[in-house]
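# Geometric and topological summary
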Amino acid sequence: MTEFVRERSIRRTVKVLEAKRKRIREELEQLIQHLDLLVPSSATSSDLLQEAIQRIGDDAFSQLLMQLMQEAK
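Residues numbered from 1 in each chain as written. Predicted model: local features only at pLDDT ≥ 70, side-chain atom pairs only at ≥ 80, totals over all residues. Heavy atoms only, no water.

## Concerning the nonpolar core
Filter applied, for reference: By nonpolar core we mean a set of buried residues, namely Ala, Val, Leu, Ile, Met, Phe, Trp, Tyr and Cys, connected to one another through side-chain atoms within 4.5 Å. Only protein chains enter the area calculation, which uses a 1.4 Å probe; residues under 20% of their type maximum are buried, those over 50% are exposed, and those in between are partly exposed. Elements are defined by DSSP. Helices are runs of H or I of four residues or more, strands are runs of E of two residues or more, and each kind is numbered from the N terminus. Two residues qualify as a contact provided that any one of their heavy atoms is within 4.5 Å of a heavy atom in the partner residue.
Of all hydrophobic cores here, the largest spans 9 residues; its members are Leu 28, Ile 32, Leu 35, Val 39, Leu 49, Ile 53, Leu 65, Leu 68 and Met 69. The set of elements that each furnish at least two residues to this core consists of helix 1 (2-33), helix 2 (45-56) and helix 3 (59-72). It is helix 3 that provides the largest number of residues to this core, a total of 3 residues. If near-sequence neighbours (up to four positions away) are discounted, Leu 49 is found in contact with Ile 32, Leu 35 and Met 69.

So this is what it looks like as structure tokens:
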């Protein structure tokens, strides 16, 4: 019985994490698409975003953003 309860809890947690990951991914994709509205027209948004990513200091988040940028191209 305890194994069943444990498995059910794990499955619930997976569902929550997947939903959160999907929402974060969608928000980041939207940010990348609308980045041109945030930066001056003289600068390229992808260059600014890449420099900003390097300054974040979070490798996992940086890799996710870089992956989404590549997918957006």
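Still more to cover.
## What about the pattern of salt bridges?
Once the charged atoms of two side chains with opposite charge are near each other, the side chains can pair. Note the threshold: Salt bridges are defined by distance alone: a side-chain nitrogen of Lys or Arg within 4 Å of a carboxyl oxygen of Asp or Glu.
Applying the stated criterion across every chain yields a total of 5 salt bridges. The salt bridge involving Glu 29 is made with Arg 25; its shortest N-O contact spans 4.0 Å. With Glu 29 and Arg 25 both in helix 1 and 4 residues apart, this pair spans about one turn of that helix. Overall, Glu 29 belongs to the partly exposed group, its relative accessible area being 31%. Bridged by salt links that share partners, the residues Arg 25, Glu 29 and Glu 71 form one connected network.

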